[in-house]
Amino acid sequence: MKKIYLAVFASNVGMISHGLFFGWPSPSLSLLMQNNSPIPLTSQQATWVTSIFTMGAAVGAVFCTYIINIIGRKLTLLFTAIPMIIGWMMIAFATSAWELIVGRFFCGISNGIGYMSATIYIGEISPAKIRGILTSSLTVAVKFGILIEWLIGPFLSLRDLALVSSSIPILFSVISISLPESPYHLMRHGKYQEGITSLMHLRGTTDVSKEAEIIEKYIKIDLANNTGLWELISISGNRKALIVVLGLIAIQQWSGSMAILSYAEIIFNETKNELEGKYLTMILGGIQIICAAISASVVDRYNRRALLIFSASGVFISTFLIGLSFFLREMQLDSGIIWLPAIGTIFYIIMYAFGLAALPFTMMSEVFPTNVKALGSTIGMLCSYFCSTTVTLFYQPIAIQYGTYIAFWFFSFTTIVGIIFIYYCVPETRRKTLQEIQDQLHGYKL
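If you're wondering where the values come from, they're calculated on a predicted model, not measured in any experiment.

Another aspect to go through is the side chain of Ser 51. Within the element layout of this structure, Ser 51 appears in helix α3 (residues 43-67). Discounting residues that sit within four places of it in the chain, Ser 51 has contacts with Thr 389, Thr 392 and Leu 393.

Below is the structure:
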């Protein structure tokens, strides 16, 4: 099993790199929007610097669809280091807003390819009994990357922060070269013996005949079907999988995560409490990674649906409280509750980590059959980037024009709808093989 943990470790280093992308705006925008900024940004330019990242990620996800089934999961994952490094170099040596925007666009391309390929890769190489914790570890790695950026960002210049951040994708490239390819991908391309060898390396044993037979049978069924969009939406089980993924992704993004991650320091500064926003943001980052790690450790112990409902309920309470605090502040009734936004935001991060942060991507790696997995995952990631782009584009304008509380109460409403959706529409996938999940979605008797 050493090889599988090496593969997970390498993938997580890549995901730390993606976490750096998400963490960069909070300390950097606070600096860039000051009058003495090295590259002064208007509020509109800052919005584009933030939101262009998710637009680039959408392009990356589409590109990933075309290459992941051709060059494989491993090489696709390794390829992400190229746009990562290009993006960070452009940010490091930027002298204007448009150079920052282009640099962030390249970072987004890398994220779009990397998130999708890593989720598929880890989902396919993992044994069913630990697949949840291994795929959830990717989210922990992202949170760790965010924490790194929040810890060092306030104390480094824009250039130094980008240069330091670029060292992680270089490390990722070095340790990813020796990764084994996914047995599913190899067998799907007729490389049966290579698939067996890869499976033996991943499991640390030569006794893999039973699992290999299951994989081979699973792939033969999938290869007998088409791989296009019609196959995804016309077959009942595939359509159910797509609805589940799109629903969970929409709930995840419209619960406000990108607003809090991108504007955490600005939100904290708006509360005008005694502790500077950058220090509250650091505390937030530390709590986030602790909760994400705890969540990853329990994801295979409790039902996916229960964790999702628990998480969404906590997110609803926290966003409602944050909105309430800003509403009372606007009504000049906020005496004695100056810390409520900080407490609500920290509670949001805790509850978000226990389900909504990771499980939508975990389930995306589980519910699609091999023949439409790349396409289904791409549509899921495009939905994610579309939803997160709308949040980053419209959060600041809505907060400025109508009040911060309106934005957060919209997040609350979305989460309530999400709880209903999870309860009635999301299947349970914990500790089930990929074939058992397909049987469940297609209505076969298990």
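The structure having been displayed, the exposition proceeds.
Bringing the layout of surface pockets into the picture now. As a volume, the largest pocket reaches approximately 340 Å³. Around the largest pocket sit 19 residues that line it, and Pro 127, Ala 128, Glu 211, Ile 214 and Thr 433 are the ones nearest its centre. Residue assignment for the lining of the largest pocket shows that the elements contributing at least two residues are α6 (97-125), α12 (209-223) and α22 (434-441). Top contributing element to the lining of the largest pocket by residue count: α12, with six residues. Looking at the lining of the largest pocket, its residues break down into eight nonpolar, five polar and six charged.

Attention now goes to the domain arrangement of the protein. The assigned domain composition of the protein is domain 1 (1-179) and domain 2 (230-445). Between the C-alpha centres of domain 1 and domain 2 the distance comes to 19 Å. Taken residue by residue, the interface counts 47 residues in domain 1 and 52 residues in domain 2. Surface buried jointly by domain 1 and domain 2 totals about 4,100 Å² across both partners, of which 69% is contributed by carbon and sulfur atoms. On the domain 1 side of the interface with domain 2, the three residues burying the most area are Arg 131, Lys 143 and Trp 150, jointly 16% of the side's total. Inspection of the domain 1/domain 2 interface yields two salt bridges.

Tallying each qualifying case throughout the model produces five salt bridges. Salt-bridge contacts for Lys 373 lead to Glu 124; the nearest nitrogen and oxygen are separated by 3.8 Å. With Lys 373 in helix α20 (residues 370-401) and Glu 124 in helix α6, this residue pair connects regions lying 249 residues apart in the sequence. Here Lys 373 matches Glu 124 in class, with each residue buried.

Let us now look at the packing of aromatic side chains. Taken as a whole and assessed by the stated rule, the structure comprises 17 aromatic pairs. Both rings, one in Phe 22 and one in Phe 53, keep their centres 5.3 Å apart while their planes meet at 75°; by these two values the pair is edge-to-face. Placement of the pair is Phe 22 in helix α1 (residues 2-23) and Phe 53 in helix α3, with a sequence separation of 31 residues. Using a relative accessible area of 11% as the deciding quantity, one classes Phe 22 as buried. Owing to a relative accessible area of 1%, Phe 53 belongs among the buried residues under this scheme. Residues Tyr 115 and Phe 361 carry aromatic rings whose centres are separated by 5.0 Å and whose planes lie at 45° to one another, so their mutual orientation is tilted. Note that Tyr 115 is positioned in helix α6 and Phe 361 in helix α19 (residues 359-367), a separation of 246 residues in sequence. Given a relative accessible area of 9%, Tyr 115 falls into the buried group. Ring pairs connect the aromatic residues Phe 21, Phe 22, Phe 53, Trp 88, Tyr 115 and Phe 361, which therefore count as one cluster.

Let us look at the packing of α1 against α6. At a minimum axis separation of 10 Å, α1 and α6 run at an interaxial angle of 155°. In terms of their interaxial angle, α1 and α6 are classed as roughly antiparallel. Seen along the crossing, α1 lies across α6 with a hand that is left-handed. Each of Ile 4, Ala 7, Val 8, Ser 11, Met 15, His 18, Phe 21 and Phe 22 in α1 lies in contact with α6, whose residues at this interface are Arg 104, Cys 107, Ser 110, Asn 111, Gly 114, Tyr 115, Ala 118, Tyr 121, Ile 122 and Ile 125. Class assignment for the residues of the contact of α1 with α6 results in 12 nonpolar, five polar and one charged.

Cut-offs used in this document
- Residues numbered from 1 in each chain as written.
- Predicted model: local features only at pLDDT ≥ 70, side-chain atom pairs only at ≥ 80, totals over all residues.
- Heavy atoms only, no water.
- Helix = DSSP H or I, 4+ residues; strand = E, 2+ residues; numbered from the N terminus.
- Contact = heavy atoms within 4.5 Å.
- 1 Å grid on protein atoms, 1.4 Å probe; cavity = no way out; pocket = protein on both sides within 12 Å on 5 of 7 lines; lining within 4 Å.
- Points joined across faces, edges and corners; volume = space filled by probe spheres on them.
- Nonpolar A, V, L, I, M, F, W, Y, C, P; charged D, E, K, R; others polar.
- Domains from an automatic or database assignment.
- Buried area = accessible area lost by both parts, 1.4 Å probe.
- Salt bridge = Lys/Arg side-chain N within 4 Å of Asp/Glu carboxyl O.
- Buried < 20%, exposed > 50% of the residue type's maximum accessible area, 1.4 Å probe, protein only.
- Phe/Tyr/Trp six-rings, centres within 6.5 Å; stacked < 30°, edge-to-face > 60°.
- Axes fitted to C-alpha atoms, helices over the stretch in contact; angles between N-to-C directions.
- Parallel < 35°, antiparallel > 145°, perpendicular 65-115°, else oblique.
- Left-handed = near helix turned anticlockwise from the far one by under 90°.

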